[in-house]
Amino acid sequence: MSKRRQSPDAARRNFLKSATLVGAATIAAPIAARAQSAAPRVRPKALPPGPLQLAAETQAPNSDPVNQTTSGGDFMVDVLKTLDIDYLTMNCASSFRGLHEAVLNHGNNTKPEIITCAHEEIAVHMGQGYAKMEGKPIAMACHGVVGLQHATMAMYNAWCDRVPVMVFGGNIMEANKRAPGAEWVHSGVDIAAITRDFTKWDDQPATLQHFAESTVRAYKIATTPPMGPVMIALDAELQENPIADPEGLRIPKLAKVVPPQGDAGALAEAAKLLAAAENPLIVCDRVARTPDGMARVVELAETLQCAVLDLAGRMNFPSRHPLNQTSRRGTVLMQADVILAMEVNDLWGTLNHFRDRIVRTSHPAIKPTAKVITLGVRDLYLKANYQDFGRYQDVALDIAGDAQASLPALTEAVKRFVDDGRKTAFAARGKKLAEAHAQSVARARSDATLGWDASPISTARMCAEVYAQIKDEDWSLVGNAIRNTWPHRLWDFKKPHQWNGVSGGAGVGYNAPSSLGAALANKRHGRLTVTFNGDGDLMFVPQTLWTAAHHRIPILYVVHNNRAYHQEYMYLQAMAARLNRGIENTQIGTTITDPNVDYATVARGFGVHGEGPIVDPKDLAPALSRAIAAVKSGQPALVDVVTDQR
Ligand SMILES: Cc1ncc(C[n+]2csc(CCOP(=O)(O)OP(=O)(O)O)c2C)c(N)n1
Ligand SMILES: [Mg+2]
């Protein structure tokens, strides 16, 4: 074990040994006598404990600690430390108690530091939000079988969003080692099986050396574009037992993975098409992996002076950049003669109009002659079962390669095709686009005033009031509520950390915990994290607020409280209207009323500063101001804003 830290925890282990010997000497004594002894290991509770609890509280474990100075978990922590993993989000469980104990006492609860979550879905979603903000994964640990079952929807969101999360699930591989009861029902032959359709890779190491190699491999696979969650099943005995052969263990080195760049010839061909086009269009979705990504998209767009349609899967393009034509989506798609679609998740869905309100119909959103070029890693790793790949779209040139990594070469190639004549034409095009952009911004400002004084409060006013109070801070808007609407139309997004995309799998319950994960990353950088949180989303995972308070993670939750699963409410109304049956009944099963939820009280119950419910728009600014003051002092805060729209 050449790379292992040399027993920084020897003192603890020695203490444990001597404490245990004291305990062992008392084992034969009657319980009553032991309870009176001068220094019981743990004071029993006032209520009569059950036999197992009594044994745990009054007796020392009777075997291992006497001789055991290391655990496999210690080595596992050493492996995690080499991967620079900042946090381990988890809900505690005996199937990974070996790892848990080692993180605390061998690893000193740093790198990783434990973040306690009250649901495994929260733990994975925190990892998803963190990775997109910080550019690297954290670890998540869960109980065998049942904890993993809770984790799965969030793993699916991370998979669809192409985000790396390292998931560790406890298991007891050897049947003869399982205690009757929970240890049997929480063990499996292959616990990762239920996650395999939405992870990039998984393994169940049988030895510590195997653990080291597979964990480093898992990290490498997870962080190589297209990224995704990975899963390691952790045998309990491997974690808990002493390290048999410390000198024989070696932690492999993680080499930095260089993302794949598109073929140079293909990029040159794309450049030629783009440079010659009358109305080239850049469509970007999950392009920016690092802070550099946005600058590279800007450089290409400015070189071409062309329209950019930002699908906002990441922070790809400044919202106020004159070439940003996202608000003119229909127009720029229809005008385009060459379209460069970069890391677009659903290309067909982007290039076609689809209606499902009456009967399902579709028609193209682009000209039949438009040439579509794709650049991305989207299709380099697909799985068959879950249909997250969308309908097949014809394209003229399909370049496999990480868009961010390929952009400098593409931009250089475009520059080679630009002579003075093209430059003049490009400048004229850019000028027209800038004018159209300015008009869009003016229209957004005027649209936002519609129903300005209405109560319940309009979403436009809610967003504008929040922006008015944070715009001079180093803000970061995260989460997926109100995606790509008012904030992107009204706010000045220009820094890489000001947005981190959406859920991926549209699994509700993403917003609250992924935003907290992003806030955990932002905390280190002193940024003010804000999220608009759907009430339906918050009802899935309200206990996220406790984690925010417990770990002192500053974040402003603005609850977009339309007292409904409003999207579904609208779908149901359309369905009833289609059948001419009236919409009177459609609030049944779709609204969150009777009783109305008082989220400010819920927040306070979890130790979070709570404001609201805000019904009158004039009460909003003072409530936000108090909440933001709390956030700036390092606390989480929530403002419940009663709205009536999506
Ligand atoms: C896990 C899960 N359950 C159900 C749905 C269906 N669904 C889609 S949007 C939505 C409403 C979410 O409510 P809220 O967060 O309040 O957003 P709103 O539509 O009201 O803006 C639901 C239930 C889903 N996408 N994911
Ligand atoms: Mg709602």
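The rules behind the values
- Residues numbered from 1 in each chain as written.
- Chains lettered and ligands numbered in written order.
- Predicted model: local features only at pLDDT ≥ 70, side-chain atom pairs only at ≥ 80, totals over all residues.
- Heavy atoms only, no water.
- Pairing = 2+ DSSP bridges.
- Helix = DSSP H or I, 4+ residues; strand = E, 2+ residues; numbered from the N terminus.
- Near = heavy atom within 4 Å.
- Polar contact = N/O pair within 3.5 Å; in protein donor to acceptor, adjacent residues only side chain to side chain.
- Donors = N, O, S within 2.8 Å, 3.2 Å for Na, K, Ca; no water.
- Buried < 20%, exposed > 50% of the residue type's maximum accessible area, 1.4 Å probe, protein only.
- Axes fitted to C-alpha atoms, helices over the stretch in contact; angles between N-to-C directions.
- Contact = heavy atoms within 4.5 Å.
- Expected span 1.5 Å × (residues − 1).
- Arc of directions from axis to C-beta.
- Parallel < 35°, antiparallel > 145°, perpendicular 65-115°, else oblique.
- Left-handed = near helix turned anticlockwise from the far one by under 90°.
- Core = buried A, V, L, I, M, F, W, Y, C linked by side-chain atoms within 4.5 Å.
- Phe/Tyr/Trp six-rings, centres within 6.5 Å; stacked < 30°, edge-to-face > 60°.
- Lys NZ or Arg CZ within 6 Å of the ring centre and 35° of its normal.
- Salt bridge = Lys/Arg side-chain N within 4 Å of Asp/Glu carboxyl O.

Student: Could you clarify how one ought to interpret the pairing of strand 10 (residues 352-355) in this entry?
Tutor: Remark: a regular strand shows side chains that alternate across the two faces of the sheet. Relative to strand 11 (residues 361-364), strand 10 runs antiparallel, the two being bridged by four bridges. Each bridged residue has a counterpart across the sheet, and for Asn352 the counterpart in strand 11 is Pro364. Between the end of strand 10 and the start of strand 11, which pair antiparallel, lie five residues.

Student: I would appreciate a short explanation of the site of ligand 1 in the present structure.
Tutor: Residues in contact with ligand 1 amount to 16 residues; listed here are only the nearest, Ala506, Asp535, Gly536, His566 and Gln567. In the model, an oxygen atom of ligand 1 is placed 2.9 Å from a nitrogen or oxygen of the Asp537 main chain. Gln567 is positioned such that a nitrogen or oxygen atom in its backbone is 2.8 Å from an oxygen atom of ligand 1. Looking at the shell around ligand 1, the elements that each hand over two or more residues are helix 21 (535-540) and helix 23 (566-578). Of all the elements, helix 21 adds the most residues to the shell around ligand 1, at four residues.

Student: Looking at this structure, I do not really get the coordination of the magnesium ion (ligand 2). What am I missing?
Tutor: Working reference: metal with six octahedral donors, ideal angles 90 or 180 degrees; metal with four tetrahedral donors, ideal angle 109.5 degrees. The protein atoms that coordinate the magnesium ion (ligand 2) are Asp535 (OD), Asn562 (OD1) and Ala564 (O), at distances of 2.0 to 2.2 Å. Within one chain, the residues donating to the magnesium ion (ligand 2) are spaced in sequence as D-x26-N-x1-A. Residue Asp535 is found in helix 21, and its partner Ala564 is found in the loop between strand 16 (555-561) and helix 23; the two are separated by 29 residues along the sequence. Relative accessible area serves as the criterion here: at 1%, Asp535 is assigned to the buried category.

Student: What am I meant to see in the sheet that holds strand 14 (residues 475-478) here?
Tutor: Within a sheet, each strand pairs with its neighbour through backbone hydrogen bonds, oriented either parallel or antiparallel. Reading across from one edge, 14-15-16-18-17 is the order of the five strands in this open sheet, with parallel pairing throughout. Here the strands that pair on one side only, and so sit at the sheet edges, are strand 14 and strand 17 (609-614). Across the sheet, the mean angle separating the axes of adjacent strands is 15° when strand polarity is ignored. The pairing of strand 16 with strand 18 (residues 636-642) spans seven bridges and is classified as parallel. Each residue of the ladder has a partner; that of His560, found in strand 18, is Val641. Relative to the sheet, helix 20 (residues 511-525) contacts strand 14, strand 15 (528-534) and strand 16, its axis offset from that of strand 15 by approximately 180°.

Student: Got a minute to help me understand helix 12 (residues 264-276) in this structure?
Tutor: For an α-helix, 3.6 residues make a turn, and residues three or four places apart therefore share a direction. If you check helix 12, its first and last C-alpha atoms are 18 Å apart, about what 13 residues at 1.5 Å a residue would give, namely 18 Å. Looking at helix 12, one finds that the buried residues are Ala266, Leu267, Ala270, Ala271, Leu274 and Ala275. Down the axis, helix 12 shows its buried residues gathered within 165° of arc, on one side only. Opposite the buried face of helix 12, at more than 90 degrees from it, the exposed residues are Lys272 and Ala276. One side-chain oxygen at the N-terminal end of helix 12 lies 3.1 Å from the backbone nitrogen of Gly265; it belongs to Asp263.

Student: How should the packing of helix 12 against helix 16 (residues 403-416) be read in this particular structure?
Tutor: Packing of helix 12 against helix 16 brings their axes to within 8 Å, and their N-to-C directions diverge by 50°. Here helix 12 lies oblique to helix 16, going by the angle between them. Crossing of helix 12 against helix 16: the hand is right-handed. Taking contact as the criterion, the partners of Leu267, Ala268, Ala270 and Ala271 in helix 12 are, on helix 16, Ser406, Ala409, Leu410, Ala413 and Val414.

Student: What is the right way to read helix 25 (residues 620-632) from this model?
Tutor: Compared with the 18 Å implied by 1.5 Å per residue over 13 residues, the 18 Å span of helix 25 between its first and last C-alpha is a close match. Listed in full, the buried residues belonging to helix 25 are Leu620, Ala623, Leu624, Ala627, Ile628, Ala630 and Val631. Buried residues of helix 25 fall within an arc of 155° about the axis and therefore sit on the same side. Buried residues belonging to helix 25 abut helix 18 (459-470), strand 15, strand 16, strand 17 and strand 18. Directly after helix 25, the chain includes Gly634, whose backbone phi takes a positive value near 105°.

Student: Explanation requested: unusual backbone geometry in the structure shown.
Tutor: Along the chain, Pro225 connects to Pro226 via a cis peptide bond; the corresponding omega equals -5°. Topologically, Pro226 is positioned in the loop between helix 10 (208-223) and strand 6 (230-235). The backbone phi angle of Ala506 is positive, close to 55°, even though this residue is not glycine. Its place among the elements puts Ala506 in the loop between helix 19 (486-490) and helix 20. Backbone geometry at Arg552 places phi at a positive 50°, although glycine is not the residue there. For Arg552, the position within the fold is in the loop between helix 22 (544-550) and strand 16.

Student: Any chance you could explain the nonpolar core here in plain terms?
Tutor: Soluble globular proteins tend to bury their nonpolar side chains together. Ranked by internal contacts, the top residues of the largest apolar core, which has 88 residues, are Trp491, Phe532 and Leu556. Among the elements that line this core, the one with the most residues is helix 25, at seven residues. With near-sequence residues (within four places) excluded, Leu556 lies in contact with Thr529, Val530, Thr531, Leu624, Ala627, Ile628, Val631, Ala637 and Val639. Core analysis: the next-biggest nonpolar cluster, separate from the first, contains 50 residues, Met133, Ile138, Val478 and Ile555 among them.

Student: For this particular structure, what's the right way to read the packing of aromatic side chains?
Tutor: The geometry of an aromatic ring pair comes down to the distance between the two centres and the angle between the two planes. All chains considered together, the criterion is met by 14 aromatic pairs. Considering the side-chain rings of Trp159 and Tyr381, the 6.0 Å spacing of their centres and the 70° angle between planes classify their relative orientation as edge-to-face. Of this pair, Trp159 sits in helix 8 (residues 146-160) while Tyr381 sits in the loop between strand 12 (371-376) and strand 13 (397-400), and the two are 222 residues apart along the sequence. Seen from their ring centres, Phe168 and Phe211 are 6.3 Å apart, and the 35° between their planes marks the pair as tilted. Of this pair, Phe168 sits in strand 4 (residues 166-171) while Phe211 sits in helix 10, placing them 43 residues apart in sequence. Members of the aromatic cluster, joined through ring pairs, are Tyr467, Trp475, Trp491, Phe493, Trp499 and Phe532. Positioned above the aromatic ring of Trp159, the side-chain terminus of Arg162 is 4.6 Å from the ring centre. Between Lys200 and the ring centre of Tyr381, over which it is positioned, the NZ or CZ distance is 5.7 Å.

Student: What exactly am I supposed to notice about the pattern of salt bridges here?
Tutor: Pairing between side chains of opposite charge can happen when the charged atoms of each approach one another. As enumerated under the stated definition, the model contains 30 salt bridges in all. Between Asp292 and Arg296 there is a salt bridge whose closest N-O contact spans 3.0 Å. One end of the pair, Asp292, and the other, Arg296, are both in helix 13 (residues 292-304), four residues apart, so they sit about a helical turn from each other. With a relative accessible area of 23%, Arg296 lands in the partly exposed category. The salt bridge involving Asp388 is made with Arg378; its shortest N-O contact spans 3.9 Å. Of this pair, Asp388 sits in the loop between strand 12 and strand 13 while Arg378 sits in the loop between strand 12 and strand 13, and the two are ten residues apart along the sequence. Arg378 shares its class with Asp388; the two are buried. Each of Asp84, Asp86, Lys111, Glu134, Lys136 and Arg524 takes part in a single network of salt bridges with overlapping partners.

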